[in-house]
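What follows is each chain in one-letter form.
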Amino acid sequence: MTRDQAMPSLSRRSFLTGLACAGLAGAGPLAHVPAQAQAFPQYFSSFSVDVSPLKAKGLGPFADLVGQAALEQLRRSFADRVDPRGPRFVLVITGIFLTPFPDGGGARWRGRGGGGGGSDGMDGEALAVGPRGQILARHPQHAARDPDTSSLDPDEQGRAVAMAQHYVWWLRRRLG
């Protein structure tokens, strides 16, 4: 008789489940927590925006414009949360898309490829970075904005600036 035959099926499943749980027990308290569920710090020593993913997609100076608008809005939106002892706040912008038809037609995706919908949008991730470069917390986010609002600049650069500001406004709202 083999070992598998000697061990009843239910007992073998219980044994394997126990092994799996024992492996997770030593993984630490945050091992099973998704990145977006990690607590984001309340105070930051500095702010920066990384637009290298946009530049890698060929957006060059346009990426710089978006990054500068986001950085200015970060400094305004989080001005009450500055403390030199806090981690750095790094915003990585991974995609921006602007619809060429604000009335709801197809979309041209800047830095992505694809299409759809009549809204402008931005993808990215906020990172809290510790003194040795370690990522303490991360918050991925997608934000969209209806481009046919009356306060929206009709030109592409103005819409990109408005989208970056809107993205940071939502970050502040979601991070508290």
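Here is what the cut-offs are and how they apply
- Residues numbered from 1 in each chain as written.
- Predicted model: local features only at pLDDT ≥ 70, side-chain atom pairs only at ≥ 80, totals over all residues.
- Heavy atoms only, no water.
- Helix = DSSP H or I, 4+ residues; strand = E, 2+ residues; numbered from the N terminus.
- Contact = heavy atoms within 4.5 Å.
- Areas by Shrake-Rupley, 256 points an atom, 1.4 Å probe, with all protein chains shown as cover.
- Salt bridge = Lys/Arg side-chain N within 4 Å of Asp/Glu carboxyl O.
- Buried < 20%, exposed > 50% of the residue type's maximum accessible area, 1.4 Å probe, protein only.
- Core = buried A, V, L, I, M, F, W, Y, C linked by side-chain atoms within 4.5 Å.
- Pairing = 2+ DSSP bridges.
- pLDDT = per-residue confidence, 0-100.
- Phe/Tyr/Trp six-rings, centres within 6.5 Å; stacked < 30°, edge-to-face > 60°.

With respect to the overall build of the protein chain
Stage number 1. Across its full length, the protein chain carries 5 helices and 5 strands.
Stage number 2. Counting helices and strands in the order they occur from the N terminus, the protein chain gives α-α-β-α-α-β-β-β-β-α.
Stage number 3. Contacts in the protein chain between residues far apart in sequence, at least 24 positions, make up 66% of those at least 6 positions apart.
Stage number 4. With the model as given, the accessible surface of the protein chain reaches about 9900 Å², and the carbon-plus-sulfur share is 56%.

Quick look at the pattern of salt bridges
Stage number 1. Taken as a whole and assessed by the stated rule, the structure comprises 5 salt bridges.
Stage number 2. With its nearest N and O atoms 2.8 Å apart, the salt bridge here joins Lys55 to Asp64.
Stage number 3. The shortest N-O distance in the salt bridge between Asp83 and Arg85 comes to 2.7 Å.
Stage number 4. On the basis of relative accessibility, which here comes to 16%, the residue Asp83 falls in the buried class.

Focus: the nonpolar core
Stage number 1. One finds Val66, Phe89, Leu91 and Ile96 to be the most contacted residues of the largest nonpolar core, which totals 31 residues.
Stage number 2. Contributions of two or more residues to this core are made by helix 4 (60-77), strand 2 (88-98), strand 4 (120-129), strand 5 (135-145) and helix 5 (156-175).

Section: the pairing of strand 5
Stage number 1. As paired strands, strand 4 and strand 5 are joined by 10 bridges and run antiparallel to one another. Following the sheet pairing, Gly124 is matched in strand 5 by Gln141.

Description of the confidence of the model for the protein chain
Stage number 1. Looking at the protein chain, pLDDT values average 76 and 65% of them are 70 or higher.
Stage number 2. The least confident element of the protein chain, judged by mean pLDDT, is helix 2 (residues 9-25) at 38; the most confident is strand 1 (residues 46-50) at 98.
Stage number 3. With pLDDT under 50 throughout, residues 1-37 is counted as low confidence; its partners more than four residues away or in other chains account for 7 contacts.
Stage number 4. Low pLDDT, under 50, characterises residues 105-116; the predicted model gives this stretch 35 contacts beyond four residues in sequence or across chains.

Re the packing of aromatic side chains
Stage number 1. Under the criterion given, the structure shown has 9 aromatic pairs.
Stage number 2. Ring geometry for Trp169 against Trp170: centres 5.1 Å apart, planes inclined by 85 degrees, an arrangement best described as edge-to-face.
Stage number 3. Residue classification places Trp169 among the partly exposed positions, given a relative accessible area of 42%.
Stage number 4. By relative accessible area, which is 30% here, Trp170 ends up partly exposed.
Stage number 5. Through successive ring pairs, a cluster of aromatic residues spans Phe40, Phe44, Phe47, Phe78 and Phe89.

Overview of the environment of Gly124
Stage number 1. On the secondary structure map, Gly124 appears in strand 4.
Stage number 2. Of the residues examined, Gly124 reaches a relative accessible area of 9% and is grouped as buried.
Stage number 3. For the pair Gly124 and Thr94, spaced 30 residues apart in sequence, the C-alpha separation works out to 4.9 Å.
Stage number 4. Excluding its chain neighbours within four sequence positions, the residues that come into contact with Gly124 are Val92, Ile93, Thr94, His139, Pro140, Gln141 and Tyr167.

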